[in-house]
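Structural overview
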Amino acid sequence: MQAVVIESFGGPEVLRLADVPPPSCGADEVVIRVVGSGVNRADLLQRQGHYPPPRDASEILGLEVSGVISAAGPGVLDWRVGEECVALLSGGGYAEYVAVPAGQVVRPPRGVDLVTAAGLIEVAATVASNFARVGLAAGETLLVHGGAGGIGTFAIQFADALGVRVFATAGSPRKLTVCRELGAADAFDYHGDWLAALRRATDGHGADVILDVMGAKYLPPNVDALATDGRLVVIGLQGGRSGTLDLGKLLAKRGSVTATGLRGRPVEQKAAICAEVAATVWPLIESGRIRPAVETRYPVEDVAGAHRHLASGEAIGKLILTW
Ligand SMILES: NC(=O)c1ccc[n+]([C@@H]2O[C@H](COP(=O)([O-])OP(=O)(O)OC[C@H]3O[C@@H](n4cnc5c(N)ncnc54)[C@H](OP(=O)(O)O)[C@@H]3O)[C@@H](O)[C@H]2O)c1
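Residues numbered from 1 in each chain as written. Predicted model: local features only at pLDDT ≥ 70, side-chain atom pairs only at ≥ 80, totals over all residues. Heavy atoms only, no water.

**Comments concerning the layout of surface pockets**
Taken as a whole, the second largest pocket holds about 480 Å³ of empty space. Breaking the lining of the second largest pocket down by element, the ones donating at least two residues are β6 (97-101) and α9 (267-280). The element that contributes the greatest number of residues to the lining of the second largest pocket is β6, accounting for 5 residues. Looking at the lining of the second largest pocket residue by residue, the classes come out as 16 nonpolar, 6 polar and 6 charged. (1 Å grid on protein atoms, 1.4 Å probe; cavity = no way out; pocket = protein on both sides within 12 Å on 5 of 7 lines; lining within 4 Å. Points joined across faces, edges and corners; volume = space filled by probe spheres on them. Helix = DSSP H or I, 4+ residues; strand = E, 2+ residues; numbered from the N terminus. Nonpolar A, V, L, I, M, F, W, Y, C, P; charged D, E, K, R; others polar.)

What follows is the structure in structure tokens.
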């Protein structure tokens, strides 16, 4: 089969299509003939050698795909060859075929084009599992950093659908408009004083929950932005991994800080998250309450172009490789 391979870590130019052995199908796995491969920021880091795959995961990039079941192991009862699906992967998605535990495979939401569906499961699983972790509830206020990105465009819409008041940050006027159009009550330019803007917009309350992709750089202002009993959940480290946490401020607010990664979770946890996404998120997509993110498609032959686009900071929503 064809797959995108990396001969040595580096820039987008190290990505190339090559013939590799197809994956074998484990007893509790299915093999998917890939139609679309979601491109995620983590893929850029892995390409550069900064984000090694978990043990036992494929060395091939790619954390999510859509496609058609081409084989099912003897322990798999609920999938038939030829059925359309989307899958959450630990790796291996930039390939014509990928093997994955059946629990991490779900049917695509009805009415969504199969290529578009390739970009749904990673963001939906990440956002839904983290909202559940911090108990985000209707009536609360959420701040989403990077509201126009893949994670952000989904998080704004999902939280809005849950009855949460959402604010977001973004880096350009065009992206601020995207955040507001998706349902954010307001959006703030992160080059300016977003903390003061949030305080003004919430009459000093701040955010009950913050979904953060910046890590260390935003740790002090995020703690300042938390409301009493607020919860900060860090899912990205784009601003570094080690920061200073003012425990005095956190204590006074009865706040909490948590950080999670989806990729390294055990198969059973990923399966539970996928089932929850199919049960709670897919109906919102099927009813039109959540629109799949704006997407840009790249033929897999131009995978380097897709990586350049995501790295440029110009991308809105999701990028998808087509096979
Ligand atoms: N922990 C997990 O399980 C998990 C799972 C999936 C993703 N992630 C992480 O989540 C992050 C977002 O992923 P993605 O797929 O949405 O990537 P993406 O589409 O490339 O989005 C990156 C986002 O970061 C924003 N950003 C950049 N600098 C910022 C700043 N100074 N302040 C606020 N926002 C800033 C960008 O905003 P502009 O575009 O407006 O500049 C953009 O929205 C990545 O770090 C990724 O690794 C984590």
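So, next bit.
**A look at the site of the ligand**
Around the ligand, a shell composed of 22 residues is seen, among which Arg41, Ile151, Lys175, Tyr190 and Tyr218 lie nearest. For the ligand, an oxygen atom lies 2.5 Å from a polar atom in the side chain of Tyr190. Between the ligand and the protein, one listed contact pairs an oxygen atom with a backbone N or O atom of Leu262 at 2.8 Å. Expressed as a share of its isolated accessible area of 920 Å², the protein-covered part of the ligand is 86%. Elements with a minimum of two residues in the shell around the ligand: α3 (121-133), α4 (150-161) and β9 (165-170). (Near = heavy atom within 4 Å. Polar contact = N/O pair within 3.5 Å; in protein donor to acceptor, adjacent residues only side chain to side chain. Areas by Shrake-Rupley, 256 points an atom, 1.4 Å probe, with all protein chains shown as cover.)

**Quick look at the packing of aromatic side chains**
Enumeration over the complete set of coordinates arrives at 4 aromatic pairs. For the ring pair Phe131 and Phe158, a centre distance of 5.9 Å and an interplane angle of 5° mean the geometry is stacked. Highlighted residues: Phe131 in helix α3 and Phe158 in helix α4, separated in sequence by 27 residues. In this structure Phe131 comes out as buried when scored by relative accessible area, which is 3%. Of the residues examined, Phe158 reaches a relative accessible area of 6% and is grouped as buried. Each residue in the set Phe131, Phe154 and Phe158 is aromatic and connected to the rest through ring pairs, giving one cluster. Against the face of Trp79 rests Arg107, its NZ or CZ located 4.0 Å from the ring centre. (Phe/Tyr/Trp six-rings, centres within 6.5 Å; stacked < 30°, edge-to-face > 60°. Buried < 20%, exposed > 50% of the residue type's maximum accessible area, 1.4 Å probe, protein only. Lys NZ or Arg CZ within 6 Å of the ring centre and 35° of its normal.)

**A short note on empty space enclosed by the protein**
Applying the stated criterion to the full structure yields 1 cavity of 30 Å³ or more. Approximately 60 Å³ is the volume found for the largest cavity. In terms of lining, the largest cavity is formed by Gly119, Leu120, Val123, Gly150, Thr153, Phe154, Gln157, Ile290, Arg291, Pro292, Ala293 and Lys318. For the lining of the largest cavity, the residue count by class is 6 nonpolar, 4 polar and 2 charged. When residues are assigned to domains, the lining of the largest cavity turns out to be shared by domain 1 (2-120 + 263-322) and domain 2 (124-259), each giving three or more. (Domains from an automatic or database assignment.)

**Quick notes on the domain arrangement of the protein chain**
Under the domain assignment used here, the protein chain contains domain 1 (2-120 + 263-322) and domain 2 (124-259). Computed from C-alpha coordinates alone, the two centres of domain 1 and domain 2 are separated by 26 Å. Contact residues are listed per partner, giving 19 residues for domain 1 and 20 residues for domain 2. Each partner contributes to the roughly 1500 Å² buried at the junction of domain 1 and domain 2, and carbon and sulfur atoms together form 59% of this total. Where domain 1 packs against domain 2, one counts 1 salt bridge. Counting only elements with at least two residues in the side of domain 1 that touches domain 2, the list comes to α9 and α10 (282-286). Along the lines of polarity and charge, the residues of the side of domain 1 that touches domain 2 split into 11 nonpolar, 2 polar and 6 charged. (Contact = heavy atoms within 4.5 Å. Buried area = accessible area lost by both parts, 1.4 Å probe. Salt bridge = Lys/Arg side-chain N within 4 Å of Asp/Glu carboxyl O.)

**Observations concerning the environment of Leu195**
Tracing the backbone through its elements, the reader meets Leu195 in helix α6 (residues 194-201). Distance in space between the C-alpha atoms of Leu195 and Thr177 is 19 Å, their sequence separation being 18 residues. Residue contacts for Leu195: discarding those within four places in its chain leaves Pro221, Asp224 and Ala225.

**A few points about α6**
Buried within α6 we find Trp194, Leu195, Ala197 and Leu198. Looking straight down α6, one finds its buried side chains confined to an arc of 165°; they lie on one side. Buried residues along α6 sit in contact with β8 (141-144), β9, β10 (186-189), β11 (207-212) and α7 (219-225). (Arc of directions from axis to C-beta.)

**Re unusual backbone geometry**
Phi is positive for Asp56, which is not a glycine, with a value near 75°. Structurally, Asp56 can be placed in the loop between α1 (41-48) and β4 (64-72). On the basis of relative accessible area, Asp56 is assigned to the exposed category, the value being 79%. At Asp229, a residue that is not glycine, the phi angle is positive and equals roughly 65°. Turning to its location among the elements, Asp229 is positioned in strand β12 (residues 226-234). Judged by its relative accessible area of 39%, Asp229 is partly exposed.

**Quick word on the packing of α3 against α4**
Two quantities define a packed helix pair, namely the angle between the helix axes and the distance between the axes. Contact geometry of α3 with α4 gives a least axis separation of 9 Å together with a crossing angle of 50°. In terms of axis orientation, α3 runs oblique to α4. Judged by the twist between their axes, the crossing of α3 over α4 is right-handed. Along its contact with α3, which presents Val123, Ala124, Thr126, Val127, Ala128 and Phe131, the element α4 presents Gly150, Ile151, Phe154, Ala155, Phe158 and Ala159. (Axes fitted to C-alpha atoms, helices over the stretch in contact; angles between N-to-C directions. Parallel < 35°, antiparallel > 145°, perpendicular 65-115°, else oblique. Left-handed = near helix turned anticlockwise from the far one by under 90°.)

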